[in-house]
Amino acid sequence: MSADIFSLARKRNKCLVGTFATLSNGDIVPCLGLKDFKVGRIDKIYDIFTEDKLLKYWDMSNRYIVQCKDCGLRYDCNDCRSLEIRLGANIDEKITCTR
Ligand code: SF4
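Residues numbered from 1 in each chain as written. Predicted model: local features only at pLDDT ≥ 70, side-chain atom pairs only at ≥ 80, totals over all residues.

> Hey, could you go over the overall build of the chain for me, with residue numbers and the actual values?
What the chain contains, in helices and strands, is four helices and three strands. In sequence order, the chain lays out its α and β elements as α-β-β-β-α-α-α. Taking 2.2 N^0.38 as the reference for a compact globule, 99 residues should give roughly 13 Å; the C-alpha atoms of the chain span a radius of gyration of 14 Å, in line with that estimate. Each principal axis of the C-alpha atoms in the chain carries an extent, and together these give about 40 × 30 × 20 Å. Here the chain holds 99 residues, and the buried ones make up 20% of them. (Helix = DSSP H or I, 4+ residues; strand = E, 2+ residues; numbered from the N terminus. Rg over C-alpha atoms; globule rule 2.2 N^0.38 Å. Buried ≥ 20, exposed ≤ 12 C-beta atoms within 10 Å, placed from the backbone.)

The following block contains the structure:
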């Protein structure tokens, strides 16, 4: 892992940071796998940045994930919030770890 990616992982969710998706109904979500986590509307797109609604997901580094926050590998491991949700976890939990 490069120093840049490691530094990014300390502060941000490596998968979600810098992204969002717009659904056909105009809702904006953090990613297409998180359709139930609306952060705004396309006709008011500026609000998702000024109200930090999207930043909450971009900042969801493993250090804020319940099972990962004290793990020595937290900045190395990848993380897919969508997968965890689909498997039954809450937005701040990880159930796919086999460690
Ligand atoms: S997924 Fe498992 S190994 Fe990876 S940081 Fe979380 S607790 Fe540690």
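> Provide a residue-level description of the site of the ligand, including the pertinent values.
With respect to spatial proximity, the complete set of residues near the ligand consists of N62, Q67, C68, C71, L73, R74, C77, K94, C97 and R99. Here the shell around the ligand is composed, by residue class, of five nonpolar, two polar and three charged. (Near = placed C-beta within 6 Å. Nonpolar A, V, L, I, M, F, W, Y, C, P; charged D, E, K, R; others polar.)

> I'd like a rundown of the nonpolar core, residues and numbers included.
Grouped together as the largest cluster of nonpolar side chains are nine residues: L16, F20, I28, V29, V39, I48, L54, Y57 and M60. Sequence-distant contacts of L16, that is, excluding residues within four places in its chain, are made with P30, C31, Y57, W58, M60 and R81. (Core = buried A, V, L, I, M, F, W, Y, C linked by C-beta atoms within 7 Å. Contact = placed C-beta atoms within 7 Å.)

> Got a sec to walk through the environment of I48? Specific residues and values, please.
Along the polypeptide, I48 turns up in helix α2 (residues 47-50). For I48, a count of 20 C-beta atoms within 10 Å translates into the label buried. Not counting the four nearest positions on each side in its chain, I48 is found in contact with F20, I28, V39, G40, K53 and L54.

> Go over the sheet that holds strand β1 (residues 21-22), please, and point to the residues and values.
Taken together, three strands build an open sheet; the order of strands is β1-β2-β3 and the sheet is antiparallel. If you trace the sheet from one side to the other, it starts and ends with β1 and β3 (40-41), each paired once. Where β1 and strand β2 (residues 27-29) come together, two bridges link them in antiparallel fashion. If you follow T22 over to β2, its bridge partner there is I28. (Pairing = 2+ DSSP bridges.)

> Give me the lowdown on unusual backbone geometry, citing residues and values where you can.
With a phi close to 60 degrees, D52 is a non-glycine residue in the positive phi region. With 12 C-beta atoms packed within 10 Å, D52 lands in the exposed category.

> Describe the confidence of the model for the chain, naming the residues involved and giving the relevant values.
Do not read the predicted coordinates in detail wherever pLDDT is low. For the chain, the mean per-residue pLDDT works out to 93, and 100% of the residues sit at or above 70. The least confident element of the chain is helix α1 (residues 3-11), whose mean pLDDT is 80; the most confident is β2, at 98. (pLDDT = per-residue confidence, 0-100.)

> A description of the environment of A89 should follow, citing residues and the corresponding values.
Residue position: A89 is located in the segment after α4 (81-86). Excluding residues within four positions of it along the chain, A89 makes contact with E84, K94 and I95.

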